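Tertiary structure, described
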Amino acid sequence: MGVNIQPVSIWNNGQSKQASELDARIIFDDLATSATFYYELKEVLEEGSGAVLSVGNVAMDGQDYIDWDNSNEQAYVYIAGKLNLTIL
């Protein structure tokens with residue numbers, strides 16, 4: 001379960017769909033200088049199911065990594081900022 005975001009339009013399989021959830025997990029952390037997060041932008045339907053519309057990776061390094069408190073909340077804020085998304 002990720003975080004709710006201001007819906008964004010994503011072109012997916014020939015249709016414009018609305019992603020309203022950002023989900024993420026850490027896929028690399030050297031515990032010293034950098035981390036990489038895998039993210040999914042998801043369409044959430046009424047019945048709670050949904051589809052993954054877009055995926056990718058976001059790297060964190062330098063001062064951003066030093067300032068990161070290892071919390072999920074701060075990771076989501078960082079990822080959303082890099083993707084120009086608004087967390088609700």
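Preceding block: the structure.
Small disclaimer: the values here were computed from a predicted structure and weren't measured. (Residues numbered from 1 in each chain as written. Predicted model: local features only at pLDDT ≥ 70, side-chain atom pairs only at ≥ 80, totals over all residues. Heavy atoms only, no water.)

Observations concerning unusual backbone geometry
- The backbone phi angle of Asn13 is positive, close to 50 degrees, even though this residue is not glycine.
- Secondary-structure assignment places Asn13 in the loop between β1 (3–12) and β2 (15–29).
- One non-glycine residue, Asn70, lies in positive phi territory at about 65 degrees.
- Here Asn70 lies in the loop between α1 (62–67) and α2 (72–82).
- Owing to a relative accessible area of 53%, Asn70 belongs among the exposed residues under this scheme. (Helix = DSSP H or I, 4+ residues; strand = E, 2+ residues; numbered from the N terminus. Buried < 20%, exposed > 50% of the residue type's maximum accessible area, 1.4 Å probe, protein only.)

As for the nonpolar core
- Core analysis: the largest hydrophobic core is formed by 21 residues, its most contacted members being Leu22, Phe37, Tyr39, Leu41, Trp68 and Ile79.
- For this core, the secondary-structure elements that each account for two or more residues are β1, β2, β3 (34–44), β4 (50–61) and α2.
- It is α2 that provides the largest number of residues to this core, a total of five residues.
- Among all residues touching Tyr39, those that are not within four sequence positions of it are Leu22, Asp23, Ala24, Ser54, Val55, Gly56, Asn57, Val58, Ile79 and Leu83. (Core = buried A, V, L, I, M, F, W, Y, C linked by side-chain atoms within 4.5 Å. Contact = heavy atoms within 4.5 Å.)

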